[in-house]
Amino acid sequence: MEAVRDEAVRDEAERSAGDFNVDVDGLFPRSPDSPAPSFLWCLWGKLTGWTSWLPRMMRMEALLGALVSLFVGGPLGGAMGATVGSVAIEVGRRRTKQTI
């Protein structure tokens, strides 16, 4: 008896849902409007953002010293980067004193 009632309920549900039209494409479009940006494009955006933000947060001389130490590497690179940074700062100070 229970199985017959479940079957009748299922048949009634199928008949009543027969004219039910749901526009699934309106809810979930098949293709996105704009494709997601690639990994390299996101990386490029972050890199250009950093290059515009970093000089405002650091002195250019210190940034130059850090770049020298990064590319030379090792203990010698650290010492060379510190030297380049301090020399660049001192040159900038002396140039400012001469113009005043």
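Each remark here, short or long, concerns the structure printed above.
The residue numbering used here restarts from 1 in each chain and proceeds along that chain's sequence as written. Under the rules for a predicted model, residues below a pLDDT of 70 receive no local features and side-chain atom pairs below 80 are neither given nor counted, while totals for whole chains, interfaces and linings still include all residues. Only heavy atoms go into the side-chain values, all of them from the structure, while hydrogens and water stay out.

A. The overall build of the protein, seen in detail. Starting at the N terminus, helices and strands are each numbered in turn, a helix being any DSSP run of H or I of at least four residues and a strand any DSSP run of E of at least two. Looking only at helices and strands, one finds five helices and zero strands in the protein. The N-to-C order of helical and strand elements in the protein reads α-α-α-α-α. All accessible-area figures derive from a Shrake-Rupley calculation using a 1.4 Å probe, and residue coverage is judged against the displayed protein chains alone. Accessible surface, the protein as shown: approximately 9,000 Å² in total, 65% of it carbon and sulfur.

B. Examining a nonpolar patch on the surface more closely. Exposure above 30% relative accessible area and no salt bridge define the residues that can form patches, which grow by joining like charges within 9 Å and nonpolar side chains of Val, Leu, Ile, Met, Phe, Trp and Tyr within 5 Å. The term salt bridge refers to a pairing of a side-chain nitrogen on Lys or Arg with a carboxyl oxygen on Asp or Glu at a separation within 4 Å. Residues Trp50, Trp53, Met57 and Met58 make up a contiguous nonpolar surface patch of about 440 Å² in total accessible area. Along the chain, tryptophan 53 falls in helix H3 (residues 39–57).

C. View of the packing of helix H4 (residues 60–72) against helix H5 (residues 74–99). In this analysis an axis means a line fitted to C-alpha atoms, helices contributing only their contacting stretch, and an angle means the value between N-to-C directions, from 0 to 180 degrees. For the pair H4 and H5, interaxial distance at closest approach is 7 Å and the crossing angle is 160°. The pairing of H4 with H5 is recorded here as roughly antiparallel in orientation. Every pair of crossing elements has a handedness; the one defined by H4 and H5 is right-handed. Contact residues: H4 offers Glu61, Leu64, Gly65, Val68, Ser69 and Val72, while H5 offers Gly74, Leu76, Gly77, Gly78, Met80, Gly81, Val84, Gly85, Ala88 and Ile89. Each residue belonging to the contact of H4 with H5 can be placed in one class, and the counts come to eight nonpolar, seven polar and one charged. Here the angle decides the label: under 35 degrees means roughly parallel, over 145 means roughly antiparallel, 65 to 115 means roughly perpendicular, and every other value means oblique. Here a crossing is taken to be left-handed if its near helix is turned anticlockwise relative to the far helix by less than a right angle, and right-handed if that turn runs clockwise. By definition in these notes, contact holds between two residues if any of their heavy atoms fall within 4.5 Å. Residues were grouped as follows: Ala, Val, Leu, Ile, Met, Phe, Trp, Tyr, Cys and Pro as nonpolar; Asp, Glu, Lys and Arg as charged; and all remaining residues, including Gly, as polar.

D. Just the pattern of salt bridges, in detail. Throughout the structure, instances matching the rule amount to two salt bridges. Two residues, glutamate 90 and arginine 93, come together in a salt bridge whose shortest N-O distance is 3.8 Å. You can see glutamate 90 and its partner arginine 93 sitting in helix H5, three residues apart, about one turn around the helix. A relative accessible area of 33% means that glutamate 90 is categorised as partly exposed. Between arginine 94 and glutamate 90 there is a salt bridge, and its shortest N-O distance comes to 3.3 Å. With arginine 94 and glutamate 90 both in helix H5, this residue pair falls four residues apart, about one helical turn. On the basis of relative accessibility, which here comes to 53%, the residue arginine 94 falls in the exposed class. One salt-bridge network, held together by shared partners, links Glu90, Arg93 and Arg94. Under the scheme applied here, a residue whose accessible area is under 20% of the maximum for its type counts as buried, over 50% as exposed, and between as partly exposed, the area being computed with a 1.4 Å probe on protein chains only.

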